[in-house]
Amino acid sequence: MDTYLSAKRTIMTPGPVEVDPRVLQAMSMPILGQFDPAFTNIMNQTMDQLRKLFQTENEWAYPVDGTSRSGIEAVLASLIERGDRVLVPIYGRFGHLLVEICERYGADVHKIECTWGTVFSEEEVINHIHAIKPNIVACVHGETSTGCMQPLAQIGKACREQGCLFVVDAVATIGGTDVLVDEWHIDAAIGGTQKCLSVPAGMAPITYNQRVEEVIARRKKVEQGIATKDDLDEPLRGTVVASNYFDLGMLQDYWSPRRLNHHTEATSMVYALHKGLAILLEEGLPHRFARHAYHEKALIAGLTAMGLELFVSHQHKLPMVTCVCVPVGLDADRVRAFMLHHFGVEIASSFGPLHGKIWRIGTMGYSCRKENILFVLAALEAALLHYGTKIETGKAVQAALSYYEQTEKSAMA
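Cut-offs applied
- Residues numbered from 1 in each chain as written.
- Predicted model: local features only at pLDDT ≥ 70, side-chain atom pairs only at ≥ 80, totals over all residues.
- Heavy atoms only, no water.
- Helix = DSSP H or I, 4+ residues; strand = E, 2+ residues; numbered from the N terminus.
- Buried < 20%, exposed > 50% of the residue type's maximum accessible area, 1.4 Å probe, protein only.
- Domains from an automatic or database assignment.
- Contact = heavy atoms within 4.5 Å.
- Buried area = accessible area lost by both parts, 1.4 Å probe.
- Salt bridge = Lys/Arg side-chain N within 4 Å of Asp/Glu carboxyl O.
- Polar contact = N/O pair within 3.5 Å; in protein donor to acceptor, adjacent residues only side chain to side chain.
- Pairing = 2+ DSSP bridges.
- Axes fitted to C-alpha atoms, helices over the stretch in contact; angles between N-to-C directions.
- Parallel < 35°, antiparallel > 145°, perpendicular 65-115°, else oblique.
- Left-handed = near helix turned anticlockwise from the far one by under 90°.
- Nonpolar A, V, L, I, M, F, W, Y, C, P; charged D, E, K, R; others polar.
- Disulfide = S-S within 2.5 Å.
- Expected span 1.5 Å × (residues − 1).
- 1 Å grid on protein atoms, 1.4 Å probe; cavity = no way out; pocket = protein on both sides within 12 Å on 5 of 7 lines; lining within 4 Å.
- Points joined across faces, edges and corners; volume = space filled by probe spheres on them.

A. Layout of unusual backbone geometry. In this chain, Gly-15 is followed by Pro-16 through a cis amide linkage whose omega measures 0 degrees. Looking at the element boundaries, Pro-16 is found in the loop between strand S1 (10-11) and helix H1 (21-27). Even without being glycine, His-185 reaches a positive phi, approximately 60 degrees. Locating His-185 in the fold gives a position in the loop between strand S8 (165-169) and strand S9 (188-190). Looking at His-185, the relative accessible area reads 26%, which means it is partly exposed. Of note, Arg-259 is a non-glycine position whose phi angle comes to about 50 degrees, a positive value. Assignment of secondary structure puts Arg-259 in the loop between helix H9 (248-255) and helix H10 (267-283). Overall, Arg-259 belongs to the buried group, its relative accessible area being 15%.

B. The domain arrangement of the protein chain, seen in detail. In terms of domains, the protein chain is made up of domain 1 (20-280) and domain 2 (284-412). Here domain 1 and domain 2 have C-alpha centroids that lie 31 Å from each other. Taken together, the contact pairs 31 residues of domain 1 with 25 residues of domain 2. Summing both sides of the interface, domain 1 and domain 2 together bury roughly 2200 Å²; the carbon and sulfur share of this comes to 66%. By the criterion of area lost to domain 2, the three top residues of domain 1 are Trp-116, Gly-147 and Leu-280, representing 23% of everything that side buries. Along the contact surface separating domain 1 from domain 2 lie zero salt bridges. At the surface where domain 1 touches domain 2, the tally comes to nine residue pairs in polar contact (both at pLDDT 80 or more). For the side of domain 1 that touches domain 2, the secondary-structure elements that each account for two or more residues are helix H2 (37-54), helix H4 (93-104), strand S6 (142-143) and strand S7 (148-149).

C. Spatial organisation of the pairing of strand S2 (residues 60-65). The buried fraction of S2 amounts to six of the six residues, a majority that puts the element mostly inside the structure. Taken together, the six bridges between S2 and strand S10 (residues 203-208) define a ladder with antiparallel strand orientation. Considered in S10, the bridge of Asp-65 is made with Met-203.

D. Structural view of the packing of H2 against H10. Following both chains from N to C, one finds H2 and H10 inclined at 40 degrees, their axes separated by 9 Å at the closest point. In terms of their interaxial angle, H2 and H10 are classed as oblique. Seen from above, H2 lies across H10 with left-handed handedness. Across the interface between the two elements, Phe-39, Ile-42, Gln-45, Thr-46, Gln-49, Leu-50, Lys-52 and Leu-53 of H2 pack against Thr-267, Val-270, Tyr-271, Leu-273, His-274, Leu-277, Ala-278, Leu-280 and Leu-281 of H10. Its residues assigned to classes, the contact of H2 with H10 shows 11 nonpolar, five polar and one charged.

E. Geometry of the sheet that holds S10. Overall, mixed pairing links the seven strands, which are arranged S2-S10-S9-S8-S5-S3-S4 in an open sheet. A strand with exactly one partner marks an edge of an open sheet, and here the two such strands are S2 and strand S4 (108-113). Looking at each pair of strands side by side, their axes are set apart by 20 degrees on average, direction ignored. As paired strands, S9 and S10 are joined by three bridges and run antiparallel to one another. For Ile-190, the partnering residue across the bridge sits in S10 and is Ile-206.

F. Molecular detail of the state of the cysteines. For the coordinates displayed, the defined rule picks out zero disulfides. Left unpaired, Cys-164 is separated from the closest cysteine sulfur, that of Cys-159, by 3.7 Å. Here Cys-164 falls in the buried class, since its relative accessible area comes to 1%. Sulfur of Cys-323: no disulfide; nearest cysteine sulfur belongs to Cys-148 and is 7.3 Å away.

G. Region of the structure containing H2. Taking 1.5 Å of rise per residue, 18 residues should cover 26 Å, and H2 covers 26 Å from first to last C-alpha, within 8% of that figure. Along H2, the positions that sit buried rather than exposed are Phe-39, Thr-40, Ile-42, Met-43, Thr-46, Met-47, Gln-49, Leu-50, Leu-53 and Phe-54. Looking at the buried residues of H2, the elements they touch are S2, S9, S10, H9, H10 and helix H11 (285-306). Measuring from the side-chain oxygen of the N-cap residue of H2 to the backbone nitrogen of Ala-38 gives 2.8 Å; that N-cap residue is Asp-36. Once H2 ends, the next one or two residues include Gln-55, with phi positive near 55 degrees.

H. Fine view of the layout of surface pockets. Computed from the structure, the largest pocket encloses a volume of approximately 400 Å³. Along the walls of the largest pocket sit 25 residues, with Arg-93, Phe-94, Thr-144, Gln-194 and Lys-195 positioned nearest its centre. The set of elements that each furnish at least two residues to the lining of the largest pocket consists of helix H3 (68-79) and H4. Of the residues that constitute the lining of the largest pocket, the class distribution is 11 nonpolar, seven polar and seven charged. Both domains that furnish three or more residues to the lining of the largest pocket are identified here as domain 1 (20-280) and domain 2 (284-412). Put simply, the second largest pocket is a space of about 310 Å³. Taken together, 15 residues make up the lining of the second largest pocket; nearest its centre are Lys-220, Lys-221, Val-222, Asp-231 and Glu-234. Sorting the residues of the lining of the second largest pocket by element identifies helix H7 (210-218) and helix H8 (229-233) as the ones contributing at least two each.

Below, the structure is given as structure tokens:
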């Protein structure tokens, strides 16, 4: 077999997801120089698109080259000075990632934790803000490891009142449900391309406000070789950001009209992000959010009709990730391998205490379509029957179809 030809897949994981064919087509366009006016015009358009996506009036909204983690690290590296107190509410695997990054940059990290599969009340987080008086609160909005979504609106308001910065990992949620950066008083938000945006992994869209920009300006250092005399004469008012690549001060200069060279831009990925955002905005944020919720309900109808138990069914369920309890005695990974081998359908396991105990099914972006919902239900049922699991045979796909037919008739009425 030609190793350059990948097998056909139906990807129903919480990321990466299937890429919109129009995005793939955009990626094949000829390369432009990174300072070509035709390309810098695309960069400016992408910044404007990102402001609309994040629902913000922030001046700064641009992608960091690298996967989602690069955006998270760039924001935290550029804000944290050694000894800064950072509060991290942990309700899944990616809260621990925030702690890991913060500790590596010398933060005094204060953790609060709740059981995986639950979220914090906003009041509990706010009480800790008042007690700890952190410089930064860093929180995951949508925790794909558990299928939960943390409410944020009052936390952001409390941060603003306490004078601390509010940093939000919105990697899983951006483009799939509301992320109201300005309304929720989020100072810096980080997204990802490979989930609800349906763009390949490789960029991390970020946005931040003037409060963050003030910290960046205080720590700004232009590197030798490109610094002007004015740059060199500017006194440093804070500690230099430990990372060169993830220094938002330099990235900001690169994405600003100054176009101060920092790295060679990933041209094709900018094409991809630009096209993916154009598709998203053409669909419209309200319609796109409704589409994610719509197909989520069809999936849940099929899973419950099959007799499977949802791991999360409370009001804070993440609308684009559905976690399913693995029946007792069943090897979860063998089921996943069977689905992938025979159907080309991929679903995900989880991490840490939930590994082998739940499956995670993503309904994100371009993967969030009727045919994918029906196919993943059929593949899962076949795998469970193959391994002798007692389920309600033949009901899953029919339940999802009934949901689709009923809602389609209602829409036409």
